[in-house]
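Geometric and topological summary
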Amino acid sequence: MSEVRKSSIPTESPYKISEHVYELCNSSESVSSILAQDPSSSPGEAWKRVIEHYGHRPKSPKSPKGDIRDIGLGAIGPQEIEKTRNCGKWGSQQPSDLFIRMYYDALCTLNDDLASGMVSPSLMGSSGTMPLTITSVVPDIVRHMSNLIVRAEKEVFLATNFWQNGVASKYITNAIRELSRRAGERGVKIIMKIIYDRGSPKQLLEPHYTVPESEYTGKAVALPASHEIPNIDLQVINFHRPLLGTFHAKYMIIDRKIAVLQSNNIQDNDNMEMMVQLEGPIVDSMYDMALLSWHKKLEPPLPLLNSPAAQNGIGSFDDSHAAIFSPSGAIKGHAAIVDPNKLPETNGEGLEVFERKQPWEVVNHADGTASQPSLGGEKKGSVTVAENGHDPEIVQPAASPKILPEHTADDPHYDINLAEEIQRVQASISLKPGETQMRAITRHLNHTVNKGFEGNAPECEPRDEMTPYIPHPAHEPFPMALVCRPPYGPPNHASVSNPQNAAWLSALRNAQKNVFIQSPTLNAEPLIPAIVEACERGIDVYCYVCLGYNDSGEMLPMQGGHNESIAHNLYTNLLSPTAKSCLHWYWYVAKDQTAPVTATKKRRSCHIKLLIADEHIGVVGNGNQDTQSWFHSQEINVMIDSPLVCRAWIEALRRNQNTHLYGRVGEDGVWRDAQGKEAEGATGVDAGRFSWAKGLLGAIKRVQGTGGF
């Protein structure tokens, strides 16, 4: 467990953006631009040309300049601020002060190793739009991926950490076959690249191992054989940098027009996950990053190497997208308001909605009654709740006016655009005859590995119906930046200086109001002191963490410890009495539950990776707040500057989970129910003398693909 360091806070940041980083950010050269000129080159060769032109030689991460754990501290002057603004192509909207500070700290980590950014510096800072966010279970995310795949015109680039043959992968393989059929009708050939990380001894000699068809069509992966998809040219790479350099990235790019970035693998599990859809110039940044990750020669080359996304038009914001929204800001035919501009004034704005419950929110208790909080957050009145937790007196919304068959792996129903996808998914979670709203939600959450698990939460109001797909109203491109980290294999903590870690630390050290973090695990050694520092200066820090997630793996030496021990130590040892009130730690609670369900049960877990600072800066993507993601895995994250999107995320987090209603821990960092009992199956704050043995078992499970990622 990390202890808070007593070092003095510098008045001025000791970090500066070097001249060679500044020059590269302002150049027109990138890996993708070089490949556009010479498609026969490999991305690895193109990267060498980028950095050698400026005489850059990366230093060993074992001897970094300064201590990255101090990044984000101290002020930066007007010249450095202006220099930072010039290091991105922001479009019509200028970044906020907090975004600039976080981006500045991220750029400073490139001084010693440009490759730590996982993108050409000229494309790291950009702009874009976000038409859609998904916060739901894995099937809803792969449903969207499958629709994007079948609508592809020329190329698909898909990346995932772990690919496992199952229901989730069947959505994708069905779509690949359908895409080949459609391409045949058009008389065209689609180029498709897939990269994943399935541990192989061959990676000891070649980390980017080209997978032969005989292997990727086998039972473990079950991708289509070439004769099944005659109109698709498929190339597959299995990438891992031994020993611990996991390819943890999860994203997809379609026709260099649309990119999706998500938290989930192509794997069946019970997780709540998150995906965002990106359009505009930021897609060129994602494309460049994907090429760098691929590294090897593209055989055949991607057809859109010379067609930048920045040249595309309005994207998803057409008439069909505008027609998604009702006059009240809800999805047409439904009640939950998804347009933040139409949200009514509620009990608090921003993140405080997690602390002060809304007047209509019903909270179940162990004695069979339910309380309804008042505007001040105090409970008043009670209603009788049926034994199953559902209140039969609450008026339910009418079923969706459009009865649409559900798009499943066994019965695909592809849609022509995003608007129709959203209507179909929302209809699938709406009431069926004789069904209550909460039973509909339970049905949706019980999909592949957790069928039959019962919900016990009271009925929610129609305005709080679950919305797996959250469409965002049309908006101008806003500032975005990729804040990533590369894979690092050696079993030490030397690889800490990278844009991802710098952005996270800078958010905690420069936010003026609050920081929200959701992660399945939270134990990274540099992160804990930064959380303490933020709380001590009066910043509210909200932590949504999954109880029991990968506990066994986190108990290994040098892994940081399991989630319960971290929460307990923060509340009882690290925070001063006055700072404790600024830490708001919750265990994830699913929408249909009234208590956290430990991840070991594999029934209601959460795998979302998200940080929101001051309710307008968001960092979303692949990175967990654990030792593996901070020091070893390749992670891809996008940082955005948008109050509109961040407010939509906050409202979706409130509406699509019950964490804020039931997940808050006590003053000692331990969750207990009304009878004082800890969550069933919880490890407890003390893992015991033989925790290392449990950790070894957890590590084996991760390699086998059955542990947490």
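Here is a short report on the structure shown in this document. (Residues numbered from 1 in each chain as written. Predicted model: local features only at pLDDT ≥ 70, side-chain atom pairs only at ≥ 80, totals over all residues. Heavy atoms only, no water.)

1. Observations regarding the nonpolar core
To be explicit about the condition: The criterion is simple. A nonpolar core is a set of buried Ala, Val, Leu, Ile, Met, Phe, Trp, Tyr and Cys residues joined through side-chain atoms within 4.5 Å. Accessibility here uses a 1.4 Å probe with only protein chains present; expressed as a share of the type maximum, an area under 20% marks a residue as buried, one over 50% as exposed, and anything in between as partly exposed. Whether two residues are in contact is decided by their heavy atoms: any pair within 4.5 Å suffices.
Counting residues in each nonpolar core, the largest one holds 143 residues, and the members touching the most others are Y251, M286, F354, L522, W585, M639 and W649. Not counting residues within four places of it along the chain, the set of residues in contact with M639 comprises F99, M102, Y103, P479, M480, A481, V483, A503, I617, G618 and V619.

2. Brief notes about the environment of P281
Note the following rule: Think of it this way: any DSSP run of H or I at least four residues long counts as a helix, any run of E at least two long counts as a strand, and we number them from the N terminus.
Along the chain, the position of P281 falls in the loop between β9 (271-279) and α9 (282-294). Accessibility expressed as a relative area gives 26% for P281, which makes it partly exposed. Taking C-alpha positions, P281 is 5.8 Å from S127, a pair spaced 154 residues apart along the chain. Filtering out sequence-adjacent residues up to four positions away, P281 remains in contact with S126, S127, G128 and A310.

3. Details of helix α7 (residues 167-186)
The cut-off we apply is this: Multiplying 1.5 Å by the residue count of a helix minus one yields the expected span of that helix.
End to end, α7 covers 29 Å across 20 residues, agreeing with the expected 28 Å (1.5 Å per residue, within 8%). Those residues of α7 hidden inside the fold are in contact with α6 (138-150), β2 (155-159), β3 (190-196) and β5 (232-241). Following α7 by one or two positions, G187 adopts a phi angle in the positive range, close to 75°.

4. Considering the side chain of Q657
Applied cut-off: Pairs of N or O atoms are called polar contacts if they sit within 3.5 Å, as long as, within protein, a hydrogen donor faces a hydrogen acceptor (for residues adjacent in sequence, only side-chain-to-side-chain pairs).
Relative to the assigned elements, Q657 resides in the loop between α18 (643-656) and α19 (659-662). One polar contact links Q657 to Q518, side chain to side chain, over a distance of 3.1 Å. A polar side-chain atom of Q657 sits 2.6 Å from a polar atom in the side chain of T659.

5. Things to note about the pattern of salt bridges
Put simply, the rule reads: Any carboxyl oxygen of Asp or Glu within 4 Å of a side-chain nitrogen of Lys or Arg constitutes a salt bridge here.
Applying the stated criterion across every chain yields a total of 30 salt bridges. R177 serves as the salt-bridge partner of E228, at 3.0 Å between the closest nitrogen and oxygen. In this pair, E228 sits in the loop between α8 (213-216) and β5 while R177 sits in helix α7, placing the two residues 51 residues apart along the sequence. Residue classification places R177 among the partly exposed positions, given a relative accessible area of 29%. Taking the shortest distance from any N to any O, the salt bridge between R654 and D464 comes out at 2.6 Å. Taken together, the residues R654 in helix α18 and D464 in the loop between α12 (437-445) and β13 (469-471) connect sequence positions 190 residues apart. For R654, a relative accessible area of 3% puts it in the buried group. Judged by its relative accessible area of 5%, D464 is buried.

Read these as spatial facts, not as claims about activity.
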